[in-house]
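Secondary and tertiary structure notes
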Amino acid sequence: MSYQKSYEEINERIRKGEAVVVTAEEVIDIVEEKGYAKAAREIDVVTTGTFGPMCSSGAFINFGHANPRIKMKKVWLNGVEAYTGIAAVDAYIGAGQLPESDPENKVYPGRFTYGGGHVIQDLVAGKEIRLEAIAYGTDCYPNRKLETIITLDDVNEAFMFNPRNAYQNYNCAVNLGDRPLYTYMGILRPKLGNAAYSTSGQLSPLLNDPHYKTIGIGTRIFLGGGIGYVAWNGTQHHPNVLREENGVPKTPAGTLSVIGDLKQMDPNWLVGLSYAGYGATMAIGIGIPIPILDEEILHYTAVKDEDIYCPIVDFFEGYPYKKDIDLGFANFKELKSGKITINGKQVVTTPQSSYPRARKIAATLKEWITAGKFEISQPVQMLPGADSNIDFKSIPDRHPANGIIFNSGMGGKK
Amino acid sequence: MKNRIVLYFSAAQSEQPIIYQLVKEYDLIVNILKANINPQKEGLMVMELTGEKDNYDSGIKYLSSLGVTCEPLSETVMWNETLCIQCGACASFCPTEALAMERESMEVSFDNSKCVVCGMCLECCPTRAIKLHFDIREAV
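What you see is a predicted model, and the numbers here were worked out from it, not measured in a lab.

Turning next to the overall build of chain B. The helix and strand tally for chain B stands at four helices and eight strands. Each helix and strand of chain B, ordered N terminal to C terminal, gives the series β-α-β-β-α-β-β-α-β-β-α-β. In terms of overall dimensions, chain B has C-alpha extents of about 50 × 30 × 20 Å along its principal axes. Among the 140 residues that make up chain B, the fraction classed as buried is 30%. A sequence separation of at least 24 residues applies to 65% of the contacts in chain B between residues at least 6 apart.

With that out of the way, let us pick up the overall build of chain A. Across its full length, chain A carries eight helices and 26 strands. Its C-alpha atoms give chain A a radius of gyration of 23 Å, within 12% of the compact-globule value 22 Å for 414 residues. If you line up chain A on its principal axes, its C-alpha atoms span 70 × 55 × 45 Å. Classification of the 414 residues of chain A by burial places 46% in the buried group. Taking the intrachain contacts of chain A between residues at least 6 apart in sequence as the baseline, contacts between residues at least 24 apart amount to 73%.

A separate point is the environment of A39 of chain A. All names here are of chain A. Considering the arrangement of structural elements, one finds A39 in helix α3 (residues 36–42). For A39, a count of 21 C-beta atoms within 10 Å translates into the label buried. As for A39 and L298, which are separated by 259 residues in sequence, their C-alpha atoms are 8.1 Å apart. Residues in contact with A39, not counting those within four places in the same chain, are I30, V31, K34 and L298.

What follows covers the sheet that holds strand β21 (residues 289–291) of chain A. Either a parallel or an antiparallel arrangement is found when strands of a sheet pair, and the pairing is made through backbone hydrogen bonds. Residues and elements named next belong to chain A. If you walk across this open sheet you meet the three strands as β1-β2-β21, and the pairing is mixed. Edge positions in the open sheet fall to β1 (21–23) and β21, since each of these has one partner strand only. Adjacent strand axes in the sheet meet at a mean angle of 25 degrees, parallel and antiparallel pairs treated alike. Summarising the sheet, strand β2 (residues 45–47) and β21 pair through three bridges and their orientation is antiparallel. Paired with V46 across the strands is I290, a residue of β21. On top of the sheet, helix α8 (residues 355–370) reaches β1, β2 and β21; it is set at about 175 degrees to β1, its chief contact.

Moving on to unusual backbone geometry. Between N67 of chain A and P68 of chain A the backbone carries a cis peptide bond, its omega angle lying at -5 degrees. Phi angles above zero are rare outside glycine, and K322 of chain A is one such case at about 50 degrees. Locating K322 of chain A in the fold gives a position in the loop between β22 (309–314) and β23 (329–331). Taking the number of C-beta atoms within 10 Å as the measure of exposure, K322 of chain A has 8 and is therefore exposed. Look at E97 of chain B: it is not a glycine, yet its phi comes out positive at around 60 degrees. The topology assignment puts E97 of chain B in the loop between α3 (89–93) and β6 (99–102).

Another aspect to go through is the pairing of strand β24 (residues 339–342) of chain A. Residues and elements named next belong to chain A. Relative to strand β25 (residues 345–351), β24 runs antiparallel, the two being bridged by four bridges. Opposite K339, over in β25, you have V348 as the bridge partner. Between β24 and β25, which pair antiparallel one after the other, the connecting turn spans two residues, and N343 there sits at a positive phi close to 50 degrees.

Quick look at the nonpolar core now. Counting 146 residues, the largest nonpolar core has C172 of chain A together with C90 of chain B as its most contacted members. Ranked by the residues each element gives to this core, the list is headed by α8 of chain A, at six residues.

Okay, the interface of chain B and chain A next. Buried accessible area, meaning the area lost when the parts come together, often serves as the stated size of an interface. At the interface, 16 residues of chain B touch 25 residues of chain A. For the side of chain B that touches chain A, the per-class residue count stands at seven nonpolar, five polar and four charged.

Residues lying three or four places apart along an α-helix face the same way, a consequence of the helix completing one turn every 3.6 residues. Between its first and last C-alpha atoms helix α2 (residues 53–65) of chain B spans 18 Å; for 13 residues at 1.5 Å apiece the expected length is 18 Å, and the two agree. One or two residues past the end of α2 of chain B sits G67 of chain B, with phi positive at roughly 90 degrees.

Mean pLDDT for chain B: 86, with 92% of residues reaching 70 or above. Here the predicted complex scores 0.87 on pTM and 0.92 on ipTM.

For R41 of chain A, the position within the fold is in helix α3. For R41 of chain A and L298 of chain A, which are 257 residues apart along the polypeptide, the C-alpha to C-alpha distance reads 9.9 Å.

Looking now at the sheet that holds strand β2 (residues 29–36) of chain B. Residue and element names in this part refer to chain B. Judged by pairing direction, the sheet is antiparallel, and its four strands sit side by side in the order β2-β3-β1-β4 without closing on themselves. Strands at the two margins of the open sheet, each flanked by one partner only, are β2 and β4 (69–72). Neighbouring strand axes in the sheet, compared pairwise and without regard to direction, differ in orientation by 25 degrees on average. Pairing of strand β1 (residues 2–9) with strand β3 (residues 43–50) involves eight bridges; the strand directions are antiparallel. The partner of V6 across the bridge, within β3, is V46. Against the sheet, α2 engages β1, β3 and β4, with an angle of about 135 degrees to β4.

Moving on, we come to the environment of E52 of chain B. Summarising the element assignment, E52 of chain B is placed in the loop between β3 and α2. Residues E52 of chain B and L28 of chain B, spaced 24 residues apart in sequence, show a C-alpha to C-alpha distance of 7.7 Å.

Parameters and conventions
Residues numbered from 1 in each chain as written. Chains lettered and ligands numbered in written order. Predicted model: local features only at pLDDT ≥ 70, side-chain atom pairs only at ≥ 80, totals over all residues. Helix = DSSP H or I, 4+ residues; strand = E, 2+ residues; numbered from the N terminus. Buried ≥ 20, exposed ≤ 12 C-beta atoms within 10 Å, placed from the backbone. Contact = placed C-beta atoms within 7 Å. Rg over C-alpha atoms; globule rule 2.2 N^0.38 Å. Pairing = 2+ DSSP bridges. Axes fitted to C-alpha atoms, helices over the stretch in contact; angles between N-to-C directions. Core = buried A, V, L, I, M, F, W, Y, C linked by C-beta atoms within 7 Å. Nonpolar A, V, L, I, M, F, W, Y, C, P; charged D, E, K, R; others polar. Expected span 1.5 Å × (residues − 1). pLDDT = per-residue confidence, 0-100.

Below is the structure:
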């Protein structure tokens, strides 16, 4: 632990084009060959990557004003509603939003071919988007109805702001029931017909920095093919969970909220997705550089698939109805081999996140840093860690009929 | 022998239990991949037909004698590599490893010659990069 490097020293090396940057896959072989002490001196940055469905994503857009001006009450992009309960021509388009005309699950399983994630991808691809808005009209904003065509170039600001991305570990989903399930983990065949898993394992950002020692508020990242930043911990950030000796959580744990300018992103790394029977969402590409400040941090980044475990969860009853059904854990080496064993049965594994894409993100970030185009940043504040005592809360089961007063501004107490 | 074929029925023919006959009288294995047959309407059926050559030929002759048009299935599943994000979900649903994942690179590939057009991959692809393309003419 004696040898230490500072953010500034690493950036100095990046600026001089001397930085030694390796991916979270490459680092595994390097430490095996050279040992931790030597490798920690040599390596400046380890790059990570993940590319998978991240529903809690979206973008703020300021459309600029029409003439006459409008205070949007409702606004739609290609028929998909964006939230405009903020200033006149500001809106937030969420990845999971569906067009009003979508048949949803009326004919089960629904197909969900287009949603907010697809709108964002189309915007970033420079495509023309149909913009419609309605308003009630005010003295300052008299316009009541607007219909036009826009592209990303036409709007003032468009920045992605995702409340929860890059989940640190995730459940492996199975189906103990007797009918197929259509879930956010994809199609789950009955009677343990397959096991769906997500995250990129040994390449995944937060699995390489399990105690959030370098990833914090302000960390500069690869986001959607461009540059973004960690804005806050993500929603459902729940760091104080069961962990392995190596610090890696055995269940879903930390999350990140990230932000970045949509105008410099790339539609290859922001992809609208359709999950049969579930809904629309989008895949987001995220890569985070981890500065090797000392040997301990290098240890974390050398984590291997076989050392990362995730819980196997039943989605027939266990997950939807919060029933405790113990199916054990699976490690990522097994999951990535294509088969795992559950209750003595061989089960085929279905990946949700793209490992080849995660690999490409880590390689791209490595290229940017090596070329001196991307400097690492020291967090302005660290994220709540494993010792933070954060409760994982649920919606309380109370009965409004029994006297909770709404709209009183009194906090709804009995 | 094993072949993937498309059968075209007229309205009258769709009333007959031809699958039963193919199995019982000609000892053929029938795997129906797609069917669109309604009473009193013309229809079509895409199937994989397996059996001894003699039986197979006699079965086809039987279908022709009923006036059912049999044609080889010319096009099947289309995999759009540009839309594919290489997640690999499809490979876990594909029964014949036509869509397969190379475990070292974790990359997906598609071998059309192994595909039996079961359609399992269509629903599970989140980018809808896989499409079924039947080269079917208007029903008779």
